Amino acid sequence: MIEVTDDASVSGEPDTRALDDLLDDIYRAQERVTQAEIYRRAVAAELPPDLLARIDALPEGEYAVDEASDLLGGSIA
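Residues numbered from 1 in each chain as written. Predicted model: local features only at pLDDT ≥ 70, side-chain atom pairs only at ≥ 80, totals over all residues. Heavy atoms only, no water.

1. Some thoughts on the pattern of salt bridges
Turning to step 1, where the next piece is worked out: Following the criterion strictly, the structure yields seven salt bridges and no others.
Turning to step 2, where the next piece is worked out: One salt bridge connects Asp24 with Arg28, and the closest N-O pair in it is separated by 3.1 Å.
Turning to step 3, where the next piece is worked out: Take Asp24: its relative accessible area is 43%, and that puts it in the partly exposed class.
Turning to step 4, where the next piece is worked out: Given a relative accessible area of 59%, Arg28 falls into the exposed group.
Turning to step 5, where the next piece is worked out: A salt bridge links Arg32 to Glu62, with the nearest nitrogen and oxygen atoms 3.9 Å apart. Taken together, the residues Arg32 in strand 1 (residues 32–34) and Glu62 in strand 2 (residues 62–64) connect sequence positions 30 residues apart.
Turning to step 6, where the next piece is worked out: Residue classification places Glu62 among the partly exposed positions, given a relative accessible area of 46%.
Turning to step 7, where the next piece is worked out: Through salt bridges with shared partners, one network takes in Asp25, Glu37, Arg40 and Arg41. (Salt bridge = Lys/Arg side-chain N within 4 Å of Asp/Glu carboxyl O. Buried < 20%, exposed > 50% of the residue type's maximum accessible area, 1.4 Å probe, protein only. Helix = DSSP H or I, 4+ residues; strand = E, 2+ residues; numbered from the N terminus.)

2. Structural notes on the packing of helix 1 (residues 17–26) against helix 2 (residues 35–44)
Two quantities define a packed helix pair, namely the angle between the axes and the distance from one axis to the other.
Turning to step 1, where the next piece is worked out: Here helix 1 crosses helix 2 at 120 degrees, and the two axes come no closer than 11 Å. Classified by the angle their axes make, helix 1 and helix 2 are oblique. Considering only the axes of helix 1 and helix 2, their crossing is right-handed. On the side of helix 1, the interface is formed by Leu22, Asp25 and Ile26, while helix 2 contributes Ile38, Arg41 and Ala42.
Turning to step 2, where the next piece is worked out: Class assignment of the residues belonging to the contact of helix 1 with helix 2 gives a composition of four nonpolar, no polar and two charged. (Axes fitted to C-alpha atoms, helices over the stretch in contact; angles between N-to-C directions. Parallel < 35°, antiparallel > 145°, perpendicular 65-115°, else oblique. Left-handed = near helix turned anticlockwise from the far one by under 90°. Contact = heavy atoms within 4.5 Å. Nonpolar A, V, L, I, M, F, W, Y, C, P; charged D, E, K, R; others polar.)

So, in structure tokens, the structure goes:
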């Protein structure tokens, strides 16, 4: 018997909900945000270490939400 769940990690797809929620919150009132601000907010939100490492690896600069999501593997566009 196979159990169906909403957990993306079960299907082999990365779970991007935490990243998507963070980006949605950060970009709510701004068009572009710096890598440093994204990282600072991710640390404050206690995102998992693998997501923090991806954000830390972004080149310094400003990103629109679609750019940040594409580079980080999120699903927000």
